[in-house]
Amino acid sequence: MSRSEAPPLPEPLRVPVADSHTHLDMQDATVEEGLARAAAVNVTTVIQVGCDVAGSRWAAETAAAHANVHAAVALHPNEAPRIVHGDPDGRSRQGVREGGGRAALHEALAEIDALAALDHVRGVGETGLDCFRTGPEGMAAQEESFRAHIEIAKRHGKALVIHDREAHADVLRILADAGAPERTVFHCYSGDADMARICADAGYFMSFAGNVTFKNAQPLRDALAVAPMELVLVETDAPFLTPAPYRGRPNAPYLIPVTLRAMAEVKGVDEDALASAISDNTARAFDY
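Basis of the calculations
- All residue numbers refer to positions counted from 1 along the written sequence of the respective chain.
- At least 70 in pLDDT is required for a residue's local features to be given in this predicted model, at least 80 for side-chain atom pairs to be given and counted, and no such filter applies to totals for whole chains, interfaces and linings, which use all residues.
- Side-chain descriptors were evaluated using all non-hydrogen atoms of the structure, hydrogens and water having been removed beforehand.
- Fitted lines through C-alpha atoms serve as axes, helices being fitted only where they are in contact, and the angles separating the N-to-C directions of these axes extend from 0 to 180 degrees.
- By the criteria applied, helices consist of DSSP H or I runs no shorter than four residues and strands consist of E runs no shorter than two, each listed in order from the N terminus.
- Oblique is the label for every angle not falling under 35 degrees (roughly parallel), over 145 degrees (roughly antiparallel), or within 65 to 115 degrees (roughly perpendicular).
- A crossing counts as left-handed when the near helix is turned anticlockwise from the far one by less than a right angle, and as right-handed when that turn is clockwise.
- Should any heavy atoms of two residues lie within 4.5 Å, those residues are considered in contact.
- The nonpolar class holds Ala, Val, Leu, Ile, Met, Phe, Trp, Tyr, Cys and Pro. Asp, Glu, Lys and Arg form the charged class, and all remaining residues, Gly among them, are polar.
- Exposure classes here rest on a 1.4 Å probe applied to the protein chains alone. A residue is buried below 20% of its type maximum, exposed above 50%, and partly exposed in between.
- For two strands to be treated as a pair, DSSP must find no fewer than two bridges joining them.

On to the packing of helix α9 (residues 256-267) against helix α10 (residues 271-286). Two elements in contact, α9 and α10, have axes separated by 9 Å at closest approach and are oriented at 110 degrees. It follows from the interaxial angle that α9 and α10 lie roughly perpendicular. Crossing geometry of α9 relative to α10 is assigned as right-handed. Between α9 and α10, the residues in contact are L260, R261, M263 and A264 and E271, L274, A275 and I278, respectively. Of the residues belonging to the contact of α9 with α10, the class tally is six nonpolar, no polar and two charged.

Now for the pairing of strand β6 (residues 121-130). Remark: a regular strand shows side chains that alternate across the two faces of the sheet. Across the 10 residues that make up β6, a large majority, 10, are buried. Judged from the three bridges that link them, strand β3 (residues 69-73) and β6 form a sheet pairing that is parallel. Bridging from a neighbouring strand, A71 pairs with V121 of β6.

Across the sheet, which stays open at both edges, the eight strands sit in the order β1-β2-β3-β6-β7-β8-β9-β10 with parallel pairing between neighbours. Every other strand in the sheet has two partners, leaving β1 (17-22) and β10 (232-234) as the edge strands with one partner each. Each neighbouring strand pair of the sheet contributes to a mean axis angle of 30 degrees, computed without reference to strand direction. Direction of pairing for strand β8 (residues 184-186) relative to strand β9 (residues 205-208): parallel, over a ladder of two bridges. Looking at β9, one finds that F186 is bridged to M206. Helix-sheet contacts for helix α6 (residues 168-178) involve β6, β7 (159-165) and β8, and the interaxial angle to β7 is about 155 degrees.

The subject of this paragraph is the environment of T44. Looking at where T44 falls in the secondary structure, it is placed in strand β2 (residues 43-49). Non-local contacts of T44, meaning those with residues more than four positions away in its chain, are made with P16, V17 and N68.

Take it as geometry only, folks, not as evidence of what the structure does.
Structure (C-alpha cells):
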C-alpha cells in the first residue's frame, strides 16, 4: 500500500457532523471533490483555516463560494516571526523571505482584521504559540501576533482558533491576561487531562484530531475522557494527522468518521450521541 494513496471512504455517519479545522488548499482534491467525498460520509460542513494572508484570503473566498464552508483567518504562530525576522530557509509556502520587521507584521495583521469583518468568516485563527518550530528569538513576535488576534476576534465577535504546540502554560496565561473571546477553540487539542479541566472551567472548546487514535496518545485520550461533551469538537487538520490505521497517508475531511468513532469509544458513548453533540457544538462555537 503506497503511503501517498488516499485511504478508502469509511462507513458514513448516521448523524451529520462538521470538520472544525481543515486546510482544503493543501489537499490533492479540488474543493468540490473534497466536499463531495466528505458529504458522502455525512461530513456536511467544514471550517477552512488560513495560516497566512494569502491563505486567509483564499479561505474567505472559498467560504463565500460554498454554503457549507466557513472560514477562519489568521497568521499562523510560525508565520509571525517569519514576517518580522525573515525566512532564510524558505520553510513556509512563500519560500525564502527577507524580514520586514514589526511594521510588516502590523500590515499583515491589518489584512487579517479586514478579512475577519466578513460575514462568511466565522473564526480568527489559527493563532497562538508554537515552541516546537520557533526558537526563543521568535517568541516576542508570536506573542504580539497572538494578542492582536485575540483583540481582532473580540472586536468582530468571531471564534478564536488556537494553535498550541508545546506552549500550554503560556497560551493559558495570555488568554487569562488578555481576556479570551466569548468562543475560544483549542484546535488539535494537545494538553493532558489536567489542562482539559482548566479549559472546561473556562468554557473553551477542545477539538480533537486524528492523533487521538495514535498508540502513544494516551494522555490525549485521558483529556478527551474528562472533557465535557458540550465542549468537544472533531477535526482533521487535513492533510495532516491522519487517524490510525491510515497514519502517514493523506488526510481529508471524509476521514472524520474514523476519528469520531474512536472518540466515542474513549468517552463510552454512542456514536450518534457524540456526533449529535459535536454537530451542535461546532455550530455554537463558530456561530453558524
